[in-house]
Amino acid sequence: MEEMASPIVVMGVSGSGKSTVGAALAQRLRVPFADADDFHPPANIAKMTAGEALNDDDRYPWLEAIGEWLAEHCGDGGVMSCSALKRRYRDQLRQHCPGTEFLHLRGTPEVIGRRQASRPGHFMPASLLASQFDTLEPLEPDEHGIAIDVDRSIDAIIETYVAARQ
């Protein structure tokens, strides 16, 4: 019997490369890709654009919409880029598809800050980076996933992840 493919969430703070790595990983695995930024309601985008961090009430319906996408791809695979900074957010996503895997793109505030500075016009201002690091809860040993340092090429990140999955 063929093993069912689990969706993968590429997670990390803003500016870690989730969308870029996620799209490249989806292409490599030949599965659909979605960016969690596209699931934010307008009120969330307005709040972040104004430099205000989202709270858990803001995130709940957004995470539910992402979870629904994961549920649609549970069994046939897919890649979603989503910050998924807290364990409880990842638990909420796993309620929709328990086998969901996580690829945590981790980096230092200095490395991520340099990356953010090179993305003018993104709705998440660099001023919110500290709040993202304050919120971040790394993957715990019982969570299905791997953390990979972002200070390397996209191809190296993908190769490391694919090798770890085998």
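Everything here concerns the structure above.
Keep in mind it's a predicted model, so treat the numbers as computed, not measured.

**Student:** Report on the nonpolar core, specifying residues and quantitative values.
**Tutor:** Within the largest apolar cluster, 37 residues are counted, with the highest numbers of intra-cluster contacts made by V9, L25, I66, M80, C82, L93 and L103. Listed by contribution, the elements that provide at least two residues to this core are β1 (8-11), α1 (18-29), α3 (56-72), β3 (79-81), α4 (87-96), β4 (101-106), α5 (109-117) and α7 (154-165). Take this core: its biggest share by element is five residues, from α3. Ignoring any residue separated from it by four or fewer positions in sequence, one finds I66 in contact with A36, F39, M80, C82 and L93.

**Student:** Please provide a residue-by-residue account of the sheet that holds β1, values included.
**Tutor:** Taking strand neighbours across the sheet as the criterion, the five strands line up as β2-β3-β1-β4-β5 in an open arrangement whose pairing is parallel. Either end of the sheet is taken by a strand with one partner, and the two such strands are β2 (33-35) and β5 (145-149). Between one strand axis and the next, the sheet turns through 20 degrees on average, direction left out of account.

**Student:** Could you give an account of the packing of α1 against α7, naming the residues involved and the relevant values?
**Tutor:** Where α1 meets α7, the closest approach of the two axes is 10 Å, and the angle between their N-to-C directions is 55 degrees. Looking at the two axes, α1 sits oblique to α7. Helix-helix and strand crossings are classified by hand; for α1 and α7 the assignment is right-handed. Facing T20, V21, A24, L25, R28 and L29 of α1, the residues of α7 in contact are I154, I157, I158, E159, Y161, V162 and R165. Across the contact of α1 with α7, the residue classes break down as nine nonpolar, one polar and three charged.

**Student:** Residues and numbers for the pattern of salt bridges, please.
**Tutor:** Evaluation of the coordinates by the stated rule reveals 13 salt bridges. Here D56 makes a salt bridge to R88, at a shortest N to O gap of 2.8 Å. Of this pair, D56 sits in helix α3 while R88 sits in helix α4, placing them 32 residues apart in sequence. Take D56: its relative accessible area is 27%, and that puts it in the partly exposed class. A salt bridge links E143 to R90, with the shortest nitrogen-to-oxygen separation between them at 2.7 Å. Here E143 is found in the loop between α6 (129-135) and β5, whereas its partner R90 is found in helix α4, with 53 residues between them in sequence. Put simply, R87, R90, D91, R94, E140, D142 and E143 are held in one network by salt bridges that share partners.

Analysis parameters
Once a new chain begins, its residue numbering starts again from 1 and follows that chain's sequence as written. Reporting of local features is limited, given that this is a predicted model, to residues whose pLDDT is at least 70; pairs of side-chain atoms are given and counted only at 80 or more, and all residues count toward the totals for whole chains, interfaces and linings. As a convention, hydrogens and water are excluded, and side-chain values are obtained from all of the structure's heavy atoms. For our purposes a nonpolar core is just a set of buried Ala, Val, Leu, Ile, Met, Phe, Trp, Tyr and Cys residues, chained together by side-chain atoms within 4.5 Å. Accessibility here uses a 1.4 Å probe with only protein chains present; expressed as a share of the type maximum, an area under 20% marks a residue as buried, one over 50% as exposed, and anything in between as partly exposed. Strands are runs of DSSP state E lasting at least 2 residues, helices are runs of H or I lasting at least 4, and numbering of each runs from the N terminus. Contacts are assigned to residue pairs with any non-hydrogen atoms lying within 4.5 Å of each other. Pairs of strands are assigned from DSSP output, requiring at least two bridges between the strands. Convention adopted: a line fitted to C-alpha atoms gives each axis, helices being fitted over their contacting stretch, and angles between N-to-C directions are expressed from 0 to 180 degrees. Roughly parallel means an angle under 35 degrees; roughly antiparallel means over 145; roughly perpendicular covers 65 to 115; every other angle is labelled oblique. What makes a crossing left-handed is the near helix being turned counterclockwise from the far one by less than a right angle; a clockwise turn instead makes it right-handed. Throughout, the ten residues Ala, Val, Leu, Ile, Met, Phe, Trp, Tyr, Cys and Pro are labelled nonpolar, Asp, Glu, Lys and Arg are labelled charged, and all others, Gly among them, are labelled polar. A pairing counts as a salt bridge when a side-chain nitrogen of Lys or Arg comes within 4 Å of a carboxyl oxygen of Asp or Glu.

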